[in-house]
Amino acid sequence: MVDHENQSRHLNRYKQANDHPENTEQDVCQEKIYGRSHEVSLLSLSYQRISLQKFSEVFFLRGEIGVGKTHLLVQLQQETLKNHACFCVGKFDQLKRRQPFEVIIDILDTICHSLSQTDDLELVRKKLRAKCGVDLDYLISQVPKLRSLIGENTKSTIRLFSRFKSACRRFLKAVTAIHGPVVMVFDDLDFSDKDSLSVIQSLITDKSLKHILIILTYSDEATKGEVLDLEKGQEIEWKMTQLDISPLRAGHTRSLVAHLTGIDFGDKIRRLSTLIFEKTHGNSYFITELIHELKSESIIDRFVEGDSHDELIEYLNSIDSVTCLWNKRIHKLHEIDQRVLKVASLLGFKFDGFFLEEAVKLCSNHLQLPENTDVKSILYRASKQRVLRVDADTDTSQYTFMHDVVQTYLLNLWPRTND
């Protein structure tokens with residue numbers, strides 16, 4: 001017998017939970033993480049070890065695209081912030097493999113920003129100068145935020161690759177002595193350039209470096225082999241940890257779906273989560289984006305309020321993959337917006353809005369764009385469709401694609417050449 005009063009109570013609670021559209025799934029996902037207690041524990045233990053003991057560690061974090069590597073790192077970042085440790089992330093870009101050291105410099109910039117927040121800046125400067133010596137002058141010429149931190153604009157004529165590696169090691173040794181533990185995340189190592197990879201190798205083969213945790217995220221198992229492919233006579237001096245992340249199981253998928261939708265009652269969540277799991281195979285990014293689309297189309301509302309789920313099944317049958325999902329979302333935008341976003345995809349995973357405006361002017365005829373195309377409005381509409389986001393930590397002209405999948409999809413819209 002159906003308990004109509006109980007169903008009505010659950011339905012009202014669902015409606016209340018979904019009355020605030022500004023609480024996006026992305027925000028919710030960063031607060032809740034399911035089926036990852038073992039993985040979170042391993043990362044936390046690595047951080048605690050390098051904090052309390054006089055050694056460093058390299059953590060190999062492997063998993064397919066969208067499996068949830070980033071959410072794990074968010075959990076670790078929250079722990080490091082409580083302890084005022086330095087947590088920095090550098091992301092390799094598939095289009096920038098020929099630009100050496102860009103990711104390394106991004107990470108050093110973040111470290112310098114952390115140092116600049118200390119109470120006695122003059123003392124930090126004196127200690128860096130004393131511990132780094134002439135290597136500090138070399139790094140000042142390479143790292144923008146170090147110039148701001150030290151307050152000097154030294155011009156170094158030295159461009160030796162070996163000097164950059166040794167200067168990085170000496171700088172990090174000084175930072176951990178002055179500031180404390182440092183966590184460095186090298187994201188998407190699959191796209192790393194050989195010079196940056198060599199810098200990472202020079203760090204993890206240096207036994208004198210203490211209180212550093214390097215986390216390497218990647219998808220292809222061969223990437224780890226490249227890191228371990230050392231020159232003759234070199235060997236890894238840091239403790240190594242390997243973690244392979246699998247997709248979510250059915251039970252954890254159900255918990256995530258319930259959390260994202262606000263549905264927490266019996267048969268409805270069982271039926272919905274089963275269908276979602278069969279479609280996504282437990283890929284957390286696919287789950288999150290699929291739920292967003294189902295909610296934006298009000299399909300979940302009608303599923304909750306009615307007894308039939310034919311519409312839901314029909315929609316899910318039209319989605320073969322997360323790429324197909326992005327095909328639907330991108331094509332909701334105007335054709336001109338799509339052309340501009342294609343140009344943005346060529347600039348990288350993270351790009352400057354002002355630079356995009358100039359690029360659009362240069363290729364407006366080729367792309368058949370109208371004169372004075374309003375790029376800012378296009379970027380605003382794209383952010384509303386969750387295609388990209390404004391980088392709030394920097395200038396408002398900095399944009400980042402919501403995921404590698406989005407940039408890759410837009411890149412694939414360009415016609416193939418025979419080159």
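Structure: above.
Residues numbered from 1 in each chain as written. Predicted model: local features only at pLDDT ≥ 70, side-chain atom pairs only at ≥ 80, totals over all residues. Heavy atoms only, no water.

## Some words on the overall build of the protein
Rule in force here: Labels follow the DSSP assignment, with helices taken as runs of H or I lasting at least four residues and strands as runs of E lasting at least two, numbered in each case from the N terminus. Relative accessibility under 20% of the residue-type maximum defines a buried residue, over 50% an exposed one, and the middle range a partly exposed one, all with a 1.4 Å probe and only protein chains included. By definition, residues are in contact when any of their heavy atoms lie within 4.5 Å. Here the Shrake-Rupley method, with its probe set to 1.4 Å, supplies the accessible areas, and only the displayed protein chains count as covering residues.
When you go through the protein residue by residue, the secondary structure sums to 21 helices and 8 strands. When the 419 residues of the protein are sorted by exposure, 49% land in the buried category. Partitioning the contacts of the protein with sequence separation of at least 6, the portion at a separation of at least 24 is 75%. As displayed, the protein offers around 21300 Å² of accessible surface, 48% of which is attributable to carbon and sulfur atoms.

## Considerations on a positive patch on the surface
Operational definition: Two joining distances apply to patches: 9 Å for like charges and 5 Å for nonpolar side chains (Val, Leu, Ile, Met, Phe, Trp, Tyr), and every residue must have over 30% relative accessible area and no salt bridge. Criterion for a salt bridge: a side-chain nitrogen of Lys or Arg within 4 Å of a carboxyl oxygen of Asp or Glu. Think of it this way: Lys and Arg go in the positive column, Asp and Glu in the negative one, and His and the chain ends go nowhere. A charged residue contributes its charge at one atom only: NZ of Lys, CZ of Arg, CG of Asp or CD of Glu.
Among the surface-exposed residues, Lys-54, Lys-173, Lys-207 and Lys-210 lie close enough to one another that they form a single positively charged patch. Relative accessible area serves as the criterion here: at 39%, Lys-173 is assigned to the partly exposed category.

## Observations concerning the packing of helix 14 (residues 284–296) against helix 17 (residues 322–330)
Inclusion rule: Throughout, an axis means a line fitted to C-alpha atoms (over the contacting stretch in the case of helices), and angles, computed between N-to-C directions, take values from 0 to 180 degrees. In this scheme the handedness of a crossing depends on how the near helix is turned from the far one: anticlockwise by less than a right angle means left-handed, clockwise means right-handed. Only Asp, Glu, Lys and Arg are considered charged in this grouping, and only Ala, Val, Leu, Ile, Met, Phe, Trp, Tyr, Cys and Pro are considered nonpolar; every other residue, Gly among them, is considered polar.
At a minimum axis separation of 10 Å, helix 14 and helix 17 run at an interaxial angle of 35°. Helix-helix and strand crossings are classified by hand; for helix 14 and helix 17 the assignment is left-handed. For the pair helix 14 and helix 17, the contacting residues are Tyr-285, Phe-286, Glu-289, Leu-290, His-292 and Glu-293 in the first and Val-322, Leu-325, Trp-326 and Arg-329 in the second. Residues that form the contact of helix 14 with helix 17 fall into these classes: 6 nonpolar, 1 polar and 3 charged.

## Remarks on the environment of Gln-368
Within the secondary structure layout, Gln-368 lies in the loop between helix 19 (353–362) and helix 20 (375–384). With 32 residues separating them along the chain, Gln-368 and Ile-336 place their C-alpha atoms 8.6 Å apart.

## Topic: unusual backbone geometry
Unusually for a residue other than glycine, His-84 sits at a positive phi of about 60°. Relative to the helices and strands, His-84 is located in the loop between helix 4 (69–82) and strand 2 (86–91). Note on His-84: relative accessible area 63%, which makes it exposed.

## Let's talk about the sheet that holds strand 7 (residues 388–390)
Applicable threshold: Here, any two strands with at least 2 DSSP bridges between them count as paired.
Strand order in the open sheet formed by 3 strands is 6-8-7, with antiparallel pairing between adjacent strands. Both edges of this open sheet fall to strand 6 (350–352) and strand 7, since each of them pairs with a single strand only. Each strand of the sheet is rotated relative to its neighbour by a mean of 30°, with strand direction disregarded. Sheet topology places strand 7 next to strand 8 (residues 398–401); 3 bridges connect them, and they run antiparallel. Its bridge partner lying in strand 8, Val-390 is registered against Tyr-399.

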